[in-house]
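# A look at the structure
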Amino acid sequence: MSEKTMPSYTIRTMQLSDSEEVRELWSALEWDIYKYSNEMMLINDPNGVFVAQENATGKLLGVCGCVNLSPELSFVCMYAVREDCQGLGIGTALWAKGIEHMGDRNASLFAANVKMQEIYKNHHNFKAIPQRKRLLMKGKPVVNALTASISGICLVDMNDKNIADVIEYDKQVCDGVDRSAALRALNGTFDNINSVAINDNNQVMGYCVVSETVSVIVRGWGPMGAGMLDQSQTGTL
Ligand SMILES: CC(C)(COP(=O)(O)OP(=O)(O)OC[C@H]1O[C@@H](n2cnc3c(N)ncnc32)[C@H](O)[C@@H]1OP(=O)(O)O)[C@@H](O)C(=O)NCCC(=O)NCCS
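Keep in mind it's a predicted model, so treat the numbers as computed, not measured.

For the rest of this paragraph, the subject is the confidence of the model for the chain. Overall, the prediction assigns the chain a mean pLDDT of 84, with 89% of residues at 70 or greater. With pLDDT under 50 throughout, residues 225-237 is counted as low confidence; its partners more than four residues away or in other chains account for 31 contacts.

So, in structure tokens, the structure goes:
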């Protein structure tokens, strides 16, 4: 078995021009992530994503986002190191930069697997407050039995006229967290389908973003119908 050698690398903040290479890094790990996560996160916090770059080749070896969403809250995301460079301390070095950038904010994050969940909890002393559910569904959608309509509800595109109401709705179903920067970035910036459910009084009852992932699988997310169904089904970025 060949030993891994530690490359000489520098950690710096990610730039928009790194986006394609970072997408390639995720694809190589077969990590299916929202295609425009890079751009979205840099719009939210231009200094909140870190990359490790090999000095000799300029190649990106790893990435970690610790994006400050508000004075109280950060979002940890996109944490990945090229497989041939894993286990050499690069991930931990990226993480340390990110944690420094977050300061004493709370962090929201998704653990990709049980091992990462334990690492986040036990190494970093994060306290889960309170548990949230994310529903992940895989496979081909069944399209022959869709609900054709819901009485009193219609779907419209997300646009400049309703984005303020979507932001208010999102705050209500996400414990008052202000995600306006992310939602404004989503509105019209990327190649997504953004739908808003409104009732007869023009009140927002849910929204949904359907977007590509890096492996060109279509993914839907957002708290669609949280107001109509069950508050625990709220999605998150
Ligand atoms: C998770 C990942 C980014 C870590 O990068 P890395 O460069 O291999 O990490 P390091 O070499 O610095 O760390 C090695 C050890 O510390 C652990 N570790 C990794 N990140 C850590 C962190 N932020 N804090 C504490 N420990 C960490 C590793 O699990 C590993 O433990 P082990 O030796 O018991 O297996 C990398 O393994 C990876 O890209 N995994 C695939 C993508 C993924 O699952 N990302 C996490 C999303 S939640």
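Now for helix α1 (residues 19-28). When we look at burial in α1, the residues that qualify are V22, L25 and W26. Take α1 and look down its axis: the buried residues cluster within an arc of 95 degrees, on one side only. Facing away from the buried side of α1, by more than 90 degrees, are the exposed residues E20 and A28. Elements that come into contact with the buried residues of α1 comprise α2 (37-44), β3 (60-68) and β4 (73-81). In the segment just after α1, E30 is the residue with positive phi, at about 55 degrees.

Counting 47 residues, the largest nonpolar core has V49, V63, C64, M78 and V166 as its most contacted members. Per-element tally for this core: the top contributor is β4, with 7 residues. Taken domain by domain, the makeup of this core includes at least three residues from each of domain 1 (9-124) and domain 2 (153-233). For V63, the contacting residues outside a window of four places in its chain are M14, V22, L25, V49, F50, V51, M78 and A80.

Turning our eyes to something else, we now look at the site of the ligand. Within the structure, the ligand sits among 18 residues, and Q86, G91, T92, W95 and A112 are positioned closest to it. Mapped onto the shell around the ligand, the elements with two or more residues apiece are β4, α3 (90-102) and α4 (114-124). With 4 residues, the single largest contributor to the shell around the ligand is α3. Among the residues forming the shell around the ligand, the class breakdown is 12 nonpolar, 6 polar and no charged.

By the bridge criterion, 4 bridges tie β4 to strand β5 (residues 106-109) in an arrangement that is parallel. For S74, the partnering residue across the bridge sits in β5 and is A107. Viewed along the sheet, the connection from β4 through α3 into β5 turns out right-handed.

What follows covers the pairing of strand β2 (residues 49-54). Pairing geometry for strand β1 (residues 9-13) and β2, over 5 bridges, is antiparallel. Of the residues in β2, the one forming a bridge with I11 is A52. Taken together, the 5 bridges between β2 and β3 define a ladder with antiparallel strand orientation. Residue pairing for β3: A52 is matched across the bridge by G62. In this antiparallel pair of consecutive strands, β2 and β3, the connection spans 5 residues, and G58 shows a positive phi of 80 degrees.

Reading the values: the criteria
The numbers attached to residues start from 1 for each chain and follow its sequence in the written order. Under the rules for a predicted model, residues below a pLDDT of 70 receive no local features and side-chain atom pairs below 80 are neither given nor counted, while totals for whole chains, interfaces and linings still include all residues. One confidence number per residue, pLDDT, is output by the predictor and ranges from 0 to 100. Any two residues are considered in contact once their C-beta atoms, placed from the backbone, lie within 7 Å. Residues with at least 20 other C-beta atoms within 10 Å of their own are called buried, those with 12 or fewer are called exposed, and the rest are partly exposed. The C-beta atoms themselves are positioned from the backbone. Secondary structure is summarised from DSSP: a helix means a run of H or I of at least four residues, a strand means a run of E of at least two, and numbering begins at the N terminus for each. Here the arc refers to the set of directions running from the helix axis out to each C-beta atom. By definition, a nonpolar core groups buried Ala, Val, Leu, Ile, Met, Phe, Trp, Tyr and Cys residues that are joined through C-beta atoms within 7 Å. Note: domain ranges come from an automatic or database domain assignment. Using a C-beta atom placed from the backbone, a residue is scored as near a molecule or strand whenever that atom is within 6 Å of it. Residue polarity is assigned by list, with Asp, Glu, Lys and Arg as charged and Ala, Val, Leu, Ile, Met, Phe, Trp, Tyr, Cys and Pro as nonpolar; anything else, Gly included, falls into the polar class. Two strands qualify as a pair provided DSSP detects at least 2 bridges between them. Orienting the strands away from the viewer, one traces the path from the first strand over the helix to the second; a clockwise path indicates a right-handed crossover.

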